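Here are the chains, one letter per residue:
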Amino acid sequence: MNESAPASNRVEQPETSVRVESLEKRFGDFLAVDRVTFSVRRGEIFGFLGSNGAGKTTTIRMLCGLLRPSSGGAWVGGVDVVTRPEEVKQIIGYMSQKFSLYDELTVEENMNFFGGVYGLRGSRLRKRRREVQEMLGLEEQREKLTSLLAGGWKQRLALGCAILHEPPILFLDEPTSGVDPLARRNFWDLIYQLSRTGHTIFVTTHYMDEAEYCHRLALMDAGQLVALDRPEGLRRLLADATLLNWEGSPLMDALRIAQAEPLVQEAAVFGSGLHLRVREAERAMGALRQRFRSSGIEVVRLEPIEPSIEDVFVEMVRRRERKS
(Lines give C-alpha, C1' and ligand atoms only; values in the text may rest on other atoms or scores of the structure.)
Protein backbone atom coordinates (compact mmCIF):
# COMPACT_ATOMS: atom_id res chain seq x y z
CA MET A 1 0.00 0.00 0.00
CA ASN A 2 1.32 3.45 -0.92
CA GLU A 3 2.04 5.34 2.32
CA SER A 4 2.24 8.81 0.83
CA ALA A 5 -0.60 11.28 0.75
CA PRO A 6 -2.83 11.21 -2.35
CA ALA A 7 -1.18 13.03 -5.23
CA SER A 8 -4.20 15.27 -5.67
CA ASN A 9 -3.54 16.76 -2.23
CA ARG A 10 -0.09 17.95 -3.23
CA VAL A 11 -0.84 19.72 -6.49
CA GLU A 12 -0.46 23.48 -6.65
CA GLN A 13 -3.81 25.03 -5.79
CA PRO A 14 -5.20 27.98 -7.79
CA GLU A 15 -5.32 31.44 -6.22
CA THR A 16 -9.11 31.14 -6.15
CA SER A 17 -9.83 28.15 -3.92
CA VAL A 18 -13.62 28.21 -4.24
CA ARG A 19 -15.69 29.65 -7.08
CA VAL A 20 -19.49 29.62 -7.00
CA GLU A 21 -21.71 30.83 -9.84
CA SER A 22 -25.51 31.08 -9.58
CA LEU A 23 -25.63 28.03 -7.31
CA GLU A 24 -29.13 26.83 -6.55
CA LYS A 25 -30.65 23.95 -4.59
CA ARG A 26 -34.31 22.99 -4.48
CA PHE A 27 -36.00 20.36 -2.36
CA GLY A 28 -39.32 19.94 -4.12
CA ASP A 29 -40.98 23.36 -4.05
CA PHE A 30 -38.63 24.67 -1.36
CA LEU A 31 -35.76 26.86 -2.60
CA ALA A 32 -32.97 26.33 -0.04
CA VAL A 33 -30.17 28.13 -1.91
CA ASP A 34 -31.14 30.87 -4.35
CA ARG A 35 -28.63 31.64 -7.18
CA VAL A 36 -25.65 32.32 -4.91
CA THR A 37 -22.41 33.67 -6.44
CA PHE A 38 -19.07 34.32 -4.68
CA SER A 39 -15.41 33.28 -4.63
CA VAL A 40 -12.87 32.49 -1.90
CA ARG A 41 -9.15 33.23 -2.20
CA ARG A 42 -6.41 30.80 -1.22
CA GLY A 43 -5.40 31.20 2.45
CA GLU A 44 -8.53 33.17 3.27
CA ILE A 45 -10.77 32.63 6.30
CA PHE A 46 -14.16 33.03 4.66
CA GLY A 47 -17.16 33.26 6.96
CA PHE A 48 -20.65 32.19 5.97
CA LEU A 49 -22.94 33.92 8.44
CA GLY A 50 -26.65 33.53 8.98
CA SER A 51 -29.36 32.23 11.23
CA ASN A 52 -30.35 28.57 11.32
CA GLY A 53 -32.14 27.66 8.09
CA ALA A 54 -30.46 30.41 6.05
CA GLY A 55 -28.97 27.92 3.56
CA LYS A 56 -25.42 27.76 4.93
CA THR A 57 -25.20 24.01 5.51
CA THR A 58 -26.92 23.20 2.21
CA THR A 59 -24.35 25.34 0.37
CA ILE A 60 -21.40 23.79 2.16
CA ARG A 61 -22.67 20.26 1.44
CA MET A 62 -22.88 21.09 -2.25
CA LEU A 63 -19.33 22.48 -2.22
CA CYS A 64 -18.08 19.31 -0.50
CA GLY A 65 -19.56 17.07 -3.20
CA LEU A 66 -22.12 15.63 -0.76
CA LEU A 67 -25.20 17.17 -2.37
CA ARG A 68 -25.85 17.74 -6.06
CA PRO A 69 -26.84 21.31 -7.03
CA SER A 70 -30.16 21.84 -8.80
CA SER A 71 -28.52 24.39 -11.09
CA GLY A 72 -25.50 26.66 -11.33
CA GLY A 73 -21.85 25.72 -10.88
CA ALA A 74 -19.13 25.48 -8.27
CA TRP A 75 -15.42 24.68 -8.37
CA VAL A 76 -13.32 23.75 -5.33
CA GLY A 77 -9.56 23.74 -5.82
CA GLY A 78 -10.28 23.98 -9.54
CA VAL A 79 -12.38 20.79 -9.46
CA ASP A 80 -15.98 20.84 -10.68
CA VAL A 81 -18.24 19.73 -7.80
CA VAL A 82 -21.02 18.73 -10.22
CA THR A 83 -19.05 16.45 -12.55
CA ARG A 84 -16.18 15.35 -10.24
CA PRO A 85 -17.53 15.26 -6.66
CA GLU A 86 -15.32 12.32 -5.62
CA GLU A 87 -12.18 14.26 -6.57
CA VAL A 88 -13.37 17.20 -4.50
CA LYS A 89 -13.59 14.98 -1.42
CA GLN A 90 -9.88 14.12 -1.74
CA ILE A 91 -8.66 17.73 -1.57
CA ILE A 92 -10.86 19.02 1.25
CA GLY A 93 -11.27 18.51 4.95
CA TYR A 94 -14.85 18.58 6.22
CA MET A 95 -15.95 19.09 9.82
CA SER A 96 -19.70 18.62 9.95
CA GLN A 97 -22.20 20.47 12.11
CA LYS A 98 -22.62 17.39 14.29
CA PHE A 99 -19.50 15.60 15.53
CA SER A 100 -18.96 12.53 13.33
CA LEU A 101 -16.65 10.83 15.81
CA TYR A 102 -17.01 7.31 17.18
CA ASP A 103 -17.63 7.57 20.91
CA GLU A 104 -16.62 3.97 21.61
CA LEU A 105 -13.13 4.55 20.15
CA THR A 106 -10.24 6.36 21.79
CA VAL A 107 -8.86 9.61 20.42
CA GLU A 108 -6.03 7.78 18.68
CA GLU A 109 -8.32 5.07 17.32
CA ASN A 110 -10.57 7.71 15.80
CA MET A 111 -7.55 9.33 14.15
CA ASN A 112 -6.38 5.97 12.83
CA PHE A 113 -9.83 5.26 11.39
CA PHE A 114 -10.25 8.61 9.65
CA GLY A 115 -6.65 8.57 8.44
CA GLY A 116 -7.35 5.21 6.83
CA VAL A 117 -10.47 6.57 5.15
CA TYR A 118 -8.22 9.11 3.41
CA GLY A 119 -5.66 6.48 2.39
CA LEU A 120 -3.01 7.11 5.05
CA ARG A 121 -1.14 3.98 6.18
CA GLY A 122 1.95 2.90 8.11
CA SER A 123 4.65 5.45 8.82
CA ARG A 124 2.81 8.21 6.96
CA LEU A 125 -0.25 7.81 9.22
CA ARG A 126 1.88 7.66 12.37
CA LYS A 127 3.78 10.81 11.38
CA ARG A 128 0.65 12.81 10.59
CA ARG A 129 -1.08 11.57 13.75
CA ARG A 130 1.83 12.79 15.89
CA GLU A 131 1.95 16.14 14.08
CA VAL A 132 -1.77 16.75 14.45
CA GLN A 133 -1.86 15.66 18.09
CA GLU A 134 0.98 18.05 18.88
CA MET A 135 -0.61 20.95 16.98
CA LEU A 136 -3.99 20.48 18.70
CA GLY A 137 -2.65 19.60 22.15
CA LEU A 138 -4.16 16.11 22.05
CA GLU A 139 -1.10 14.13 23.22
CA GLU A 140 -2.37 13.60 26.76
CA GLN A 141 -5.87 12.77 25.51
CA ARG A 142 -4.95 10.13 22.95
CA GLU A 143 -5.83 7.06 25.08
CA LYS A 144 -9.12 8.47 26.34
CA LEU A 145 -12.46 7.25 25.07
CA THR A 146 -14.00 9.91 22.88
CA SER A 147 -17.29 9.64 24.80
CA LEU A 148 -15.46 10.93 27.93
CA LEU A 149 -14.08 14.07 26.27
CA ALA A 150 -15.45 17.53 27.03
CA GLY A 151 -16.97 19.43 24.11
CA GLY A 152 -13.86 21.50 23.44
CA TRP A 153 -11.65 18.39 23.18
CA LYS A 154 -14.15 16.64 20.90
CA GLN A 155 -14.08 19.73 18.74
CA ARG A 156 -10.28 19.58 18.48
CA LEU A 157 -10.38 15.88 17.67
CA ALA A 158 -12.97 16.44 14.92
CA LEU A 159 -10.71 19.12 13.40
CA GLY A 160 -7.71 16.81 13.73
CA CYS A 161 -9.49 14.03 11.85
CA ALA A 162 -10.42 16.52 9.11
CA ILE A 163 -6.83 17.68 8.51
CA LEU A 164 -4.92 14.39 8.82
CA HIS A 165 -4.58 14.04 5.03
CA GLU A 166 -3.27 17.64 4.71
CA PRO A 167 -6.12 19.05 2.62
CA PRO A 168 -5.50 22.56 1.25
CA ILE A 169 -9.16 23.57 1.75
CA LEU A 170 -11.18 23.13 4.96
CA PHE A 171 -14.95 23.33 5.31
CA LEU A 172 -16.03 23.82 8.92
CA ASP A 173 -19.79 23.75 9.40
CA GLU A 174 -20.82 25.40 12.69
CA PRO A 175 -17.59 24.12 14.31
CA THR A 176 -18.07 25.94 17.62
CA SER A 177 -21.73 25.16 18.17
CA GLY A 178 -22.44 23.89 21.68
CA VAL A 179 -19.03 24.59 23.25
CA ASP A 180 -18.13 27.13 25.92
CA PRO A 181 -16.73 30.60 25.05
CA LEU A 182 -13.15 29.73 26.01
CA ALA A 183 -13.18 26.62 23.80
CA ARG A 184 -14.58 28.74 20.97
CA ARG A 185 -11.77 31.29 21.33
CA ASN A 186 -9.12 28.54 21.44
CA PHE A 187 -10.61 26.92 18.36
CA TRP A 188 -10.36 30.18 16.43
CA ASP A 189 -6.69 30.40 17.41
CA LEU A 190 -6.26 27.03 15.67
CA ILE A 191 -8.10 28.29 12.59
CA TYR A 192 -5.73 31.26 12.37
CA GLN A 193 -2.78 28.91 12.70
CA LEU A 194 -4.02 26.85 9.76
CA SER A 195 -4.68 29.96 7.68
CA ARG A 196 -1.12 31.18 8.25
CA THR A 197 0.20 27.92 6.78
CA GLY A 198 -1.77 28.47 3.57
CA HIS A 199 -4.99 26.59 4.25
CA THR A 200 -8.21 28.07 2.92
CA ILE A 201 -10.85 28.00 5.66
CA PHE A 202 -14.54 28.13 4.78
CA VAL A 203 -16.50 28.37 8.02
CA THR A 204 -20.22 28.67 8.70
CA THR A 205 -21.50 30.12 11.95
CA HIS A 206 -24.58 31.70 13.51
CA TYR A 207 -22.46 33.35 16.25
CA MET A 208 -22.32 36.98 15.15
CA ASP A 209 -19.27 37.77 17.32
CA GLU A 210 -17.24 35.14 15.44
CA ALA A 211 -17.74 37.12 12.25
CA GLU A 212 -15.04 39.55 13.39
CA TYR A 213 -12.45 36.76 13.16
CA CYS A 214 -12.97 36.21 9.41
CA HIS A 215 -11.09 37.91 6.59
CA ARG A 216 -14.34 38.27 4.62
CA LEU A 217 -17.97 37.54 5.35
CA ALA A 218 -20.95 36.44 3.32
CA LEU A 219 -24.29 37.17 5.00
CA MET A 220 -27.01 34.63 4.13
CA ASP A 221 -30.74 34.92 4.68
CA ALA A 222 -33.54 32.70 3.33
CA GLY A 223 -31.13 31.10 0.86
CA GLN A 224 -29.91 34.41 -0.57
CA LEU A 225 -26.58 36.21 -0.29
CA VAL A 226 -27.52 39.62 1.14
CA ALA A 227 -24.02 41.11 1.63
CA LEU A 228 -20.36 40.20 1.08
CA ASP A 229 -17.32 42.17 2.29
CA ARG A 230 -14.65 42.44 4.95
CA PRO A 231 -16.09 43.03 8.46
CA GLU A 232 -15.10 46.70 8.43
CA GLY A 233 -16.64 47.11 4.98
CA LEU A 234 -19.92 45.62 6.17
CA ARG A 235 -20.03 47.97 9.14
CA ARG A 236 -19.68 50.93 6.76
CA LEU A 237 -23.04 49.95 5.26
CA LEU A 238 -24.58 51.61 8.32
CA ALA A 239 -22.34 54.67 8.22
CA ASP A 240 -25.24 56.93 7.28
CA ALA A 241 -27.05 56.26 10.57
CA THR A 242 -26.31 56.70 14.26
CA LEU A 243 -26.71 53.66 16.46
CA LEU A 244 -27.63 54.02 20.14
CA ASN A 245 -27.22 51.39 22.83
CA TRP A 246 -29.83 51.36 25.60
CA GLU A 247 -29.53 49.38 28.82
CA GLY A 248 -32.06 49.40 31.62
CA SER A 249 -35.41 47.85 32.50
CA PRO A 250 -38.01 46.70 31.77
CA LEU A 251 -36.78 45.65 28.33
CA MET A 252 -39.99 45.07 26.35
CA ASP A 253 -41.64 48.23 27.64
CA ALA A 254 -38.59 50.21 26.56
CA LEU A 255 -38.73 48.55 23.11
CA ARG A 256 -42.38 49.54 22.70
CA ILE A 257 -41.66 53.14 23.69
CA ALA A 258 -38.60 53.39 21.42
CA GLN A 259 -40.59 52.10 18.46
CA ALA A 260 -43.12 54.89 18.99
CA GLU A 261 -40.48 57.66 18.91
CA PRO A 262 -40.44 59.37 15.44
CA LEU A 263 -36.67 59.93 15.54
CA VAL A 264 -36.05 56.17 15.92
CA GLN A 265 -35.78 54.47 12.53
CA GLU A 266 -35.22 50.91 13.77
CA ALA A 267 -35.32 49.33 17.24
CA ALA A 268 -34.18 45.80 18.04
CA VAL A 269 -33.44 43.73 21.13
CA PHE A 270 -29.70 43.16 21.44
CA GLY A 271 -28.70 40.88 24.31
CA SER A 272 -30.28 42.31 27.45
CA GLY A 273 -30.61 45.79 25.92
CA LEU A 274 -31.69 47.61 22.77
CA HIS A 275 -29.92 48.88 19.67
CA LEU A 276 -31.67 51.90 18.20
CA ARG A 277 -30.93 53.36 14.77
CA VAL A 278 -31.83 57.05 14.92
CA ARG A 279 -31.80 60.36 13.08
CA GLU A 280 -30.30 63.41 14.83
CA ALA A 281 -28.61 61.57 17.68
CA GLU A 282 -28.65 64.36 20.27
CA ARG A 283 -32.32 65.15 19.75
CA ALA A 284 -33.18 61.44 19.72
CA MET A 285 -31.38 60.78 23.00
CA GLY A 286 -33.13 63.72 24.65
CA ALA A 287 -36.54 62.63 23.39
CA LEU A 288 -35.97 59.03 24.43
CA ARG A 289 -34.80 59.96 27.93
CA GLN A 290 -37.93 62.06 28.39
CA ARG A 291 -40.21 59.29 27.11
CA PHE A 292 -38.52 56.66 29.28
CA ARG A 293 -38.62 58.87 32.39
CA SER A 294 -42.31 59.69 32.01
CA SER A 295 -43.07 55.98 31.62
CA GLY A 296 -41.02 54.86 34.61
CA ILE A 297 -38.38 53.13 32.47
CA GLU A 298 -34.94 52.87 34.09
CA VAL A 299 -32.08 54.10 31.87
CA VAL A 300 -28.71 52.68 32.92
CA ARG A 301 -27.03 53.61 29.64
CA LEU A 302 -28.05 55.43 26.46
CA GLU A 303 -25.14 56.30 24.19
CA PRO A 304 -23.92 56.17 20.57
CA ILE A 305 -21.96 53.03 19.60
CA GLU A 306 -20.25 51.55 16.54
CA PRO A 307 -22.49 49.06 14.69
CA SER A 308 -21.69 45.36 15.10
CA ILE A 309 -21.91 42.70 12.40
CA GLU A 310 -25.19 41.62 13.96
CA ASP A 311 -26.57 45.13 13.46
CA VAL A 312 -25.50 44.99 9.81
CA PHE A 313 -27.05 41.55 9.39
CA VAL A 314 -30.38 42.68 10.83
CA GLU A 315 -30.42 45.75 8.57
CA MET A 316 -29.54 43.75 5.43
CA VAL A 317 -32.33 41.26 6.17
CA ARG A 318 -34.82 44.10 6.63
CA ARG A 319 -33.74 45.72 3.36
CA ARG A 320 -34.21 42.42 1.54
CA GLU A 321 -37.66 42.00 3.09
CA ARG A 322 -38.69 45.51 2.07
CA LYS A 323 -37.72 44.76 -1.55
CA SER A 324 -39.59 41.45 -1.69
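Right above here is the structure, for reference.
A quick note: this is a predicted structure, and the numbers were derived from the prediction, not measured.

Draft legend 1. Quick peek at a nonpolar patch on the surface. A cluster of nonpolar residues, Y102, F113 and V117, forms a patch on the protein surface that exposes about 280 Å² of accessible area. Examined against the element boundaries, Y102 turns out to sit in the loop between β6 (92-95) and α3 (107-117).

Draft legend 2. Main features of the sheet that holds strand β2 (residues 30-41). Taken together, the four strands give an open sheet; going across it, the order is β2-β1-β4-β5, and neighbouring strands pair in antiparallel fashion. Unpaired on one side and paired on the other, β2 and β5 (79-80) mark the two borders of the sheet. In the sheet, strand β1 (residues 16-27) pairs with strand β4 (residues 71-76) via five bridges, with the strands oriented antiparallel. Bridging across to β4, V18 finds its partner in V76. Each of β1, β2 and β4 is contacted by helix α1 (residues 56-63), which is oriented at about 120 degrees to β1, the strand it contacts most.

Draft legend 3. Geometry of the packing of helix α4 (residues 122-136) against helix α5 (residues 151-163). Look at α4 against α5: their axes get within 10 Å of each other, and the N-to-C directions meet at 145 degrees. Considering only the axes of α4 and α5, their crossing is right-handed. Along the contact surface, α4 presents R128, V132, M135 and L136, while α5 presents W153, R156, L159, G160 and I163. Its residues assigned to classes, the contact of α4 with α5 comprises six nonpolar, one polar and two charged.

Draft legend 4. Structural detail: the sheet that holds strand β12 (residues 264-270). If you walk across this open sheet you meet the four strands as β12-β13-β11-β14, and the pairing is antiparallel. Two strands lie at the open edges of the sheet, namely β12 and β14 (298-305), each paired on one side alone. Pairs of neighbouring strands in the sheet enclose a mean axial angle of 20 degrees, with direction left out of account. As paired elements, strand β11 (residues 242-249) and strand β13 (residues 273-278) share five bridges and run antiparallel to each other. Residue pairing in the sheet places T242 in a bridge with V278 of β13. Lying on the sheet, helix α8 (residues 251-260) is in contact with β11, β12 and β13; it crosses β12 at an angle near 165 degrees. On top of the sheet, helix α10 (residues 309-323) reaches β11, β12 and β13; it is set at about 125 degrees to β12, its chief contact.

Draft legend 5. Geometry of the pairing of β2. As judged from the eight bridges shared by β1 and β2, these two strands associate in the antiparallel manner. Its bridge partner lying in β2, L23 is registered against V36. The antiparallel pairing of β1 with β2 creates a hairpin that spans two residues between the two strands, and G28 there sits at a positive phi of about 65 degrees.

Draft legend 6. Looking closely at the nonpolar core. If you look at the biggest cluster of nonpolar residues, it comprises 43 residues, and the most contacted ones within it are L157, L159, L172 and L219. Aside from chain neighbours lying at most four places away, what touches L172 is I60, M95, L159, F187, I191, I201, F202, V203 and T204. L23, V36, M62 and V76 belong to the second largest nonpolar core, which has 27 residues in total.

Draft legend 7. Just the layout of surface pockets, in detail. Its volume calculated, the largest pocket comes out at about 460 Å³. Taken together, 21 residues form the lining of the largest pocket, with Y94, S100, F114, V117 and Y118 sitting closest to its centre. Residue assignment for the lining of the largest pocket shows that the elements contributing at least two residues are α2 (85-90), β6, α3 and α5. Considered class by class, the residues forming the lining of the largest pocket number 15 nonpolar, three polar and three charged.

Calculation criteria
- Throughout this document, residue positions are counted from 1 along each chain, in the order its sequence is written.
- The predicted nature of this model means local features are confined to residues of pLDDT at least 70 and side-chain atom pairs, given and counted, to a pLDDT of 80 or more, with totals for whole chains, interfaces and linings taken over all residues.
- As a rule here, side-chain values cover all heavy atoms of the structure and leave hydrogens and water aside.
- A patch is a set of surface residues, each over 30% in relative accessible area and not in a salt bridge, joined within 9 Å for like charges and within 5 Å for the nonpolar side chains Val, Leu, Ile, Met, Phe, Trp and Tyr.
- Here the accessible surface of atoms and residues is derived via Shrake-Rupley with a 1.4 Å probe, and residues count as covered only by protein chains that are part of the display.
- Salt bridge, as applied in this entry: a Lys or Arg side-chain nitrogen positioned within 4 Å of an Asp or Glu carboxyl oxygen.
- A run of H or I in DSSP counts as a helix once it spans at least four residues, and a run of E counts as a strand once it spans at least two, with each numbered from the N terminus.
- A strand pair is defined by DSSP finding two or more bridges across the two strands.
- Contacts: residue pairs with any heavy atoms within 4.5 Å of one another.
- Lines fitted to the C-alpha atoms define the axes, with helices restricted to the stretch that makes contact. Angles between their N-to-C directions range from 0 to 180 degrees.
- Each crossing is labelled by how the near helix is turned from the far one, with a counterclockwise turn of less than a right angle marking it left-handed and a clockwise turn marking it right-handed.
- Residues are grouped as follows: Ala, Val, Leu, Ile, Met, Phe, Trp, Tyr, Cys and Pro are nonpolar; Asp, Glu, Lys and Arg are charged; all remaining types, including Gly, are polar.
- Among buried residues, those of type Ala, Val, Leu, Ile, Met, Phe, Trp, Tyr and Cys that are joined through side-chain atoms within 4.5 Å constitute a nonpolar core.
- Whether a residue is buried, partly exposed or exposed follows from its accessible area with a 1.4 Å probe, protein chains only, as a fraction of its type maximum: under 20%, in between, or over 50%, in that order.
- The pocket and cavity definitions rest on a 1 Å grid over protein atoms only: a 1.4 Å probe that fits but cannot leave marks a cavity, an open set with protein on both sides within 12 Å along at least five of seven lines marks a pocket, and residues lining either have an atom within 4 Å of a point.
- Grid points are joined across faces, edges and corners, and a volume is the space filled by probe spheres set on the points.

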